[in-house]
Amino acid sequence: MNLIQVTFLIAAISAPVFLYVIPRKAKKEPPRTKGFALVGSLFSYLPYMLNRRMFDYFLKKQHELGPICVIDVFGRDRVAVSDPAAMKRILTSSDFSRSDILIRNSKDIMEYPLFGMETGDIWRTHRKAIMAGMGPSFLKKAFTATLHSMDELRRVFDDKIQTSPNGEIVVDIRDYLSHVTLDVIMSSSFSLPMDNLQTFAHSKNGQSSLREHMDILGRVVVYRMMLPTWLYRYFGTLPSQIAPTVQFFKALVNSFVVPRKDGSIQEEGDLLEILLAKTSEGTHKFTDEELKDETLSILLAGHETTANSLANVLLALCNNPHVLSRLLSEIDALLPSETARLTLDDLAKFKYLDNVFRETMRYYPVVFGVFRVAEKEVDVMGYTFPKGTYFMPHFSGLHTDKSIWGDDVNEFNPDRFDQGDMDAYLMPFSAGPHVCPGMKMAIMESKVVLIKLLQQFSLELIPGQDLNHLHAIALHLPNGLKLKITKRI
């Protein structure tokens, strides 16, 4: 269904109330989008939603209306906040909690993912288990797995380059990075063989069913969060329409969770062992549904956001040759040869790489915002909001604020992080009790991938490709990132 058809459908259904503007309260209110009864601001954001670029709509409204504004999403208020102090309070104070807004209408997909579960006792139990499994030993295991996966990627690219008539290859690097990070999370979290990259690299059609289903899943979750159920059919988000994708992931998770739970395969020292732990009474801490949903959420959040972040770093580097040149100089100085050994402690020495990664997180926020709900009546930035109000700490709004980042906010400039404590205004992993538990792993893994890839290969952006980002669960390049790759001399 195209934009015109959807617009006429909604207009016809909402015609009786179309002309009645949502009433305003007499008390002082923050700026807000204009809306109509029942449908709210739907007609202004519908084109953005159909094009899967809702982050552009929120960013536009934040820039038009200021650091706090009310955005009407189908008749439901969402208070967008990009002021750093107010954002930090919303994310860290017990006056605010996380609701299940992200997964409320997607429980046919998953009901118990840590990244979408509402604050409460079940969430705390899951959070405690995940944090226990992602300690220093997990980070070391993931570091070793990342080195191994990058050795595999080097061999894959070397073989393809050697058989190429001109010594170069063109690849969609996003696909390869997705399988690299998938191998790392599956090995370190679930002790599974690292064969996803090899399987993909040697597939005949070069297509990834995993990549396809990932994109479907992300699109569905976001659409369902923004739409009433009666519109699901027209956006391809009915349970029956996504049943193959749901079945794909359930089969994937069952393939390694069931053998571990029934004892036919025994492993120790990984995250799955923590999730399979039993109580003092001998029963499992998590139900089958909790276990499978949490395992799936680790697969999604543990590699999808990292792969997209890495693709964004490479895009930024290719678009800014002076940054790439300076980064290569740092890598060559610290690792003068391919055989030079890289240790976990060495990563702290790559100061410019740190800045490049931070600037990429600012320039291309993988998650443009999160939602929190007020647990009581609250005052935020001079306005009073009732209990139950939904707030959206808006990372994209914060990361593009000229008053914080300067007039060059739209330029890619890693040096800005050498000018004062700019990390205080950077929140790529959120903050507070719901901060990403895999933050340290994601940073470590990203640095290792970039160091090893850039040390060994030269990368060049293929011109003419569609590099417009879309948003699902994470900001990503739906058509991938095609690069020409040659061996560095």
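Residues numbered from 1 in each chain as written. Predicted model: local features only at pLDDT ≥ 70, side-chain atom pairs only at ≥ 80, totals over all residues. Heavy atoms only, no water.

## Some points on the overall build of the protein chain
Then, in step 1: A tally of regular secondary structure across the protein chain gives 17 helices and 12 strands.
Then, in step 2: With the C-alpha coordinates of the protein chain rotated into their principal frame, the extents come out at 70 × 60 × 45 Å.
Then, in step 3: Across the 489 residues in the protein chain, those meeting the buried criterion constitute 55%.
Then, in step 4: In the protein chain, the share of contacts with a sequence separation of at least 24, taken over all contacts with a separation of at least 6, comes to 71%.
Then, in step 5: Mean positive and mean negative side-chain charge positions of the protein chain (55 and 56 charges, respectively) differ by 4 Å. (Helix = DSSP H or I, 4+ residues; strand = E, 2+ residues; numbered from the N terminus. Buried < 20%, exposed > 50% of the residue type's maximum accessible area, 1.4 Å probe, protein only. Contact = heavy atoms within 4.5 Å. Lys, Arg positive; Asp, Glu negative; His and termini not counted. Charge placed at Lys NZ, Arg CZ, Asp CG, Glu CD.)

## A look at the sheet that holds strand β5 (residues 372–374)
Two orientations exist for strands paired in a sheet by backbone hydrogen bonds: parallel and antiparallel.
Then, in step 1: If you walk across this open sheet you meet the 5 strands as β1-β2-β8-β5-β3, and the pairing is mixed. The sheet is open, and its two edges are formed by β1 (68–73) and β3 (96–97), each paired on a single side.
Then, in step 2: Where β1 and strand β2 (residues 76–81) come together, 6 bridges link them in antiparallel fashion. Bridged to I68 within β2 is V81. (Pairing = 2+ DSSP bridges.)

## Re the environment of R219
Then, in step 1: As for its position among the elements, R219 is in helix α9 (residues 209–226).
Then, in step 2: Accessibility expressed as a relative area gives 19% for R219, which makes it buried.
Then, in step 3: Here the alpha-carbon distance between R219 and R52, two residues 167 residues apart in the chain, equals 7.9 Å.

## Here's the deal with unusual backbone geometry
What you tend to see is this: most non-glycine residues have negative phi, and most peptide bonds are trans.
Then, in step 1: Phi angles above zero are rare outside glycine, and S191 is one such case at about 55°.
Then, in step 2: Mapped onto the fold, S191 is located in the loop between α7 (173–190) and α8 (196–201).
Then, in step 3: In the Ramachandran plot, M381 falls in the positive-phi region, its phi being about 55° despite a non-glycine side chain.
Then, in step 4: Mapped onto the secondary structure, M381 falls in the loop between β6 (378–380) and β7 (383–385).
Then, in step 5: Overall, M381 belongs to the partly exposed group, its relative accessible area being 33%.

## A short note on the packing of aromatic side chains
Then, in step 1: Counted by the stated rule, this structure contains 15 aromatic pairs.
Then, in step 2: Centroid distance Y48 to Y57: 5.4 Å. Interplanar angle 55°. Geometry classified as tilted.
Then, in step 3: Overall, Y48 belongs to the partly exposed group, its relative accessible area being 21%.
Then, in step 4: With a relative accessible area of 1%, Y57 lands in the buried category. (Phe/Tyr/Trp six-rings, centres within 6.5 Å; stacked < 30°, edge-to-face > 60°.)

## Focus on the sheet that holds strand β9 (residues 457–461)
Then, in step 1: Taking strand neighbours across the sheet as the criterion, the 3 strands line up as β4-β12-β9 in an open arrangement whose pairing is antiparallel. Edge strands, defined here as strands with exactly one partner in the open sheet, are β4 (168–172) and β9. For this sheet the average axis-to-axis angle between neighbouring strands, irrespective of direction, equals 30°.
Then, in step 2: Pairing analysis gives 5 bridges linking β9 to strand β12 (residues 482–487), with the strands arranged antiparallel. Residue pairing in the sheet places E460 in a bridge with K484 of β12.
Then, in step 3: The sheet strands contacting α7 are β4 and β12, and the helix crosses β4 at an angle near 70°.
Then, in step 4: Helix α17 (residues 439–456) rests against β9 and β12 of the sheet, and its axis sits at about 95° to β9. (Axes fitted to C-alpha atoms, helices over the stretch in contact; angles between N-to-C directions.)

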